[in-house]
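Summary of the model geometry
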Amino acid sequence: MNYRELGNTGMKVSEVSFGTWAIGGSWGHTNDEDSLKAMDYAISSEGVNFFDTADVYGDGHSEELLAKATKGKEDQIYIATKFCRQGDIQSPENYSYETVKRYCEDSLRRLGREAIDLYQIHCPATEILRDGQVFDVLDTLKKEGKVRNYGVSVETVEEGLICLEHPNVSSLQVIFNMFRQKPLEALFPQAASKKVGILVRLPLASGLLTGKYQKGHVFEEDDHRNFNENGEAFNVGETFAGLGFNKGVELSDQLKWIADGRPSMASAALRWIMDQPEVTCVIPGFRNERQIEQNLQSLDTRPFSQEELERIRSFYDSDVKQFIRGAY
């Protein structure tokens, strides 16, 4: 495992780390025993030392699972969690000191920790970021010792650039993959210039970049890929990169060549992200040990040649970006 500095936090995190949305809920059937076994394997056998979660993943269930998985290893394993989506993300009251402190203390209780390594605002309304008072609240929690560092999970490049205006923001979490390359243009260079870390979520575009799906596939009823394809529940970009499932399958079929000479399409897609110099780490999801193993294959995957990189960029420009829906 290789480790990279997360912005100016002093934390060195595994370049392949993991998100816990899937084991908390809204990705179909999960099994806690499988989830705990997978995390133990990632930590004990593969050197993974960073996990991303949120208070709304299974109404706190993923935080509770992380507490079990990291018990006795709290000083070795970094945890990032998120807040604000339990309330009205448009309301300033949702970001008041009293409200955020309550969210924070609830997460600390579930995580079994005295301080949160990285506390992130969870895709708030753009106006909340523009107003900026929530950053003062986070500064206060940091002074109180409840939060060691803080960052923001954003939906758009514009939101990311607003966050970069605040000097104590240590990280940005963004949707970035071969289907969503816009952050490369302005956001990543500016983040790097300010020593702000980049955490990449949904690197496989909700599974499209594994190449395993065919048009017409039906997802489980409680899987957000079933009920949020068109943004019915939250930002459409969080599901299938905003492309819609059938269009995404069509486009992923055209990208299957990236697996040539590499372990899999998924490992190739992750390798491409990790080779962007501004990226701190990629945080794919998982539900079992096998998925951990498959994602970690990216560590030994052959990088892309300059010709291949140009082909991927050209494909995005000519065939993909005009089909992306939602805020970006």
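Now for a look at the structure at hand. Note that residues are indexed from 1 along each chain, following the sequence as it is written. The model is predicted, so local features are restricted to residues of pLDDT at least 70 and side-chain atom pairs to those at 80 or more, both for listing and for counting; the totals for chains, interfaces and linings are taken over all residues. Working from all heavy atoms in the structure, the side-chain values ignore hydrogens and water.

**Side note on the pairing of strand S7 (residues 150–153)**
Burial status follows relative accessibility: with a 1.4 Å probe on protein chains alone, a residue under 20% of its type maximum counts as buried, one over 50% as exposed, and anything between as partly exposed. Segments assigned H or I by DSSP are reported as helices when at least four residues long, segments assigned E as strands when at least two residues long, and all are numbered from the N terminus. Alternating positions in S7 separate into two faces, Tyr 150 and Val 152 on one and Gly 151 and Ser 153 on the other, with burial throughout. At least two DSSP bridges between two strands are needed for those strands to be called paired. The sheet contact formed by strand S6 (residues 118–122) and S7 spans four bridges and is parallel. Note that in S7 the partner of Gln 120 across the bridge is Gly 151. Summarising the sheet, S7 and strand S8 (residues 169–175) pair through four bridges and their orientation is parallel. Paired with Gly 151 across the bridge in S8 is Ser 171. The handedness of the S7 to S8 crossover, carried by helix H7 (residues 157–163), is right-handed. We call a crossover right-handed when, viewed with both strands directed away from the observer, the connection leading from the first strand over the helix to the second proceeds clockwise.

**A closer look at the side chain of Gln 181**
In this structure, Gln 181 sits in the loop between S8 and helix H8 (187–193). Pairs of N or O atoms within 3.5 Å make up the polar contacts considered here, provided that, within protein, one atom can donate a hydrogen while the other can accept it, and that residues adjacent in sequence are counted only when both atoms are side-chain atoms. Within the structure, Gln 181 has its side chain in polar contact with the side chain of Arg 313 (distance 3.5 Å). Between two residues, a contact is recorded if the distance between any of their heavy atoms is within 4.5 Å. Apart from residues no more than four positions distant in its own chain, Gln 181 is found in contact with Phe 176, Trp 272, Ile 312, Arg 313, Tyr 316 and Tyr 328.

**Quick look at the nonpolar core**
For this analysis, a nonpolar core means a set of buried residues of the types Ala, Val, Leu, Ile, Met, Phe, Trp, Tyr and Cys, connected via side-chain atoms within 4.5 Å. One finds Phe 83, Ile 121, Leu 172, Phe 179 and Ile 258 to be the most contacted residues of the largest nonpolar core, which totals 90 residues. Leave out the neighbours within four places in its chain, and Ile 258 touches Met 178, Met 265, Ala 268, Ala 269, Phe 304 and Ile 312.

**A word on the pairing of S8**
Of all the seven residues making up S8, seven are buried; the element is thus mostly covered by neighbouring parts of the structure. Strand direction decides the pairing type here: S8 and strand S9 (residues 197–201), joined by five bridges, are parallel. The residue of S9 that forms the bridge with Ile 175 is Arg 201. Crossover handedness for the path S8 to H8 to S9: right-handed.

**A look at the pattern of salt bridges**
Salt bridge, as applied in this entry: a Lys or Arg side-chain nitrogen positioned within 4 Å of an Asp or Glu carboxyl oxygen. Taken as a whole and judged by the stated rule, the model has 23 salt bridges. A salt bridge links Lys 82 to Asp 52, with the nearest nitrogen and oxygen atoms 2.7 Å apart. In this pair, Lys 82 sits in strand S5 (residues 78–83) while Asp 52 sits in strand S4 (residues 50–52), placing the two residues 30 residues apart along the sequence. Among the ionic pairs, Lys 146 bridges to Glu 105, the shortest N-O distance being 3.1 Å. Taken together, the residues Lys 146 in the loop between helix H6 (133–143) and S7 and Glu 105 in helix H4 (residues 97–111) connect sequence positions 41 residues apart. Here Lys 146 falls in the buried class, since its relative accessible area comes to 19%. Salt bridges sharing partners connect three or more residues here, namely Glu 185, Arg 313, Asp 317 and Lys 321.

**Some points on helix H11 (residues 265–274)**
Within H11, 10 of the 10 residues are buried, which leaves the element mostly enclosed by the surrounding structure. Of the surrounding secondary structure, the elements contacted by the buried residues of H11 are strand S1 (3–5), S9, helix H10 (245–254), strand S10 (281–282), helix H12 (289–296) and helix H13 (306–320).

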